Amino acid sequence: MEILFEWAQEEPYRITSDVELESSRLVEGHASFAAVPHIDATLARMKDHYEIEGNISTKVMIPCARCLEPFELPISHPLHLVLLPRPSYPGFVELELNDDDLDTSFYSEEKVVLEDLVSEQINLALPMRPLCSPDCKGLCLTCGTDLNRGSCTCR
Ligand SMILES: [Zn+2]
Ligand SMILES: [Zn+2]
């Protein structure tokens, strides 16, 4: 689904849409979507660039980093994207201008492809070590028992 920048020429354009994505878009190979991702955002034209602000939400089934059990992780990811026209001079190298909550990217065509934007942002939102619960006990390192479900006799 494409959002054309020209739709925001006069006034900010509201993007509210479900975005169907294949689970293969998730960088974590064992993760899959448990809900259709949804974007609720505004595309606004600024003086010399565009900005997208809003939120992406979905649910992902992902294995717990401690006990390895898949669990449903709700994701609600705020968006603050600054879209700059890609400089056309030769040798331009894209620099990652990273602020904490400010993401800058360059466009060469005056549009965004929602599937690409949403999958990229969900991958950014996935935690490095997802935990099924903050006090997940994990697996016994010796016998592999899931210590959330029972105890073992190892020390
Ligand atoms: Zn766990
Ligand atoms: Zn054990």
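You'll find the structure just up there.
Description of the structure in this document. (Residues numbered from 1 in each chain as written. Chains lettered and ligands numbered in written order. Predicted model: local features only at pLDDT ≥ 70, side-chain atom pairs only at ≥ 80, totals over all residues.)

## Considerations on the overall build of the protein chain
Okay, so step 1: Helix and strand content of the protein chain: one helix and eight strands.
Okay, so step 2: For the protein chain, the C-alpha radius of gyration of 20 Å lies well beyond 15 Å, the compact-globule estimate for 155 residues.
Okay, so step 3: Overall, the C-alpha framework of the protein chain stretches about 70 × 35 × 25 Å when taken along its three principal axes.
Okay, so step 4: Evaluated residue by residue, the protein chain yields a buried proportion of 15% over its 155 residues.
Okay, so step 5: Counted over contacts in the protein chain with a minimum sequence separation of 6, partners at least 24 positions apart contribute 56%. (Helix = DSSP H or I, 4+ residues; strand = E, 2+ residues; numbered from the N terminus. Rg over C-alpha atoms; globule rule 2.2 N^0.38 Å. Buried ≥ 20, exposed ≤ 12 C-beta atoms within 10 Å, placed from the backbone. Contact = placed C-beta atoms within 7 Å.)

## What to know about unusual backbone geometry
Okay, so step 1: With a phi close to 70 degrees, L68 is a non-glycine residue in the positive phi region.
Okay, so step 2: Tracing the backbone through its elements, the reader meets L68 in the loop between strand 5 (50-63) and strand 6 (70-85).
Okay, so step 3: What makes L68 partly exposed here is the crowd of 13 C-beta atoms within 10 Å.

## Side note on helix 1 (residues 114-125)
Okay, so step 1: Helix length check: helix 1 (12 residues) gives 16 Å between terminal C-alpha atoms against 16 Å at 1.5 Å per residue, within 8%.
Okay, so step 2: For helix 1, the set of buried residues is L114, L117, V118, S119, Q121 and I122.
Okay, so step 3: Elements that come into contact with the buried residues of helix 1 comprise strand 1 (2-4), strand 2 (13-18), strand 4 (38-45), strand 5, strand 6 and strand 8 (111-113). (Expected span 1.5 Å × (residues − 1).)

## Concerning the pairing of strand 5
Okay, so step 1: Here strand 3 (residues 32-33) pairs with strand 5 via two bridges, running antiparallel. The partner of F33 across the bridge, within strand 5, is V60.
Okay, so step 2: Pairing of strand 4 with strand 5, which is carried by eight bridges, proceeds in the antiparallel orientation. When the bridges of strand 5 are listed, I39 appears paired with I56.
Okay, so step 3: In sequence, strand 4 turns back onto strand 5 through a hairpin of four residues.
Okay, so step 4: Here strand 5 folds back onto strand 6, and the loop between the two strands holds six residues, one of which, L68, carries a positive phi near 70 degrees. (Pairing = 2+ DSSP bridges.)

## Digging into the nonpolar core
Okay, so step 1: In this structure, I39, A41, L43, I52, I56, L114 and V118 are the most contacted members of the largest nonpolar core, which totals 15 residues.
Okay, so step 2: Those elements giving two or more residues to this core turn out to be strand 4, strand 5, strand 6 and helix 1.
Okay, so step 3: No other element matches helix 1, which puts four residues into this core.
Okay, so step 4: If we ignore the near neighbours within four places in the chain, the residues touching L43 are I3, A8, P12, Y13, I15, Y50 and I52. (Core = buried A, V, L, I, M, F, W, Y, C linked by C-beta atoms within 7 Å.)

## Quick look at the environment of V19
Okay, so step 1: Its place among the elements puts V19 in the loop between strand 2 and strand 3.
Okay, so step 2: Through-space distance from the C-alpha of V19 to that of D116 is 10.0 Å; in sequence the pair is 97 residues apart.

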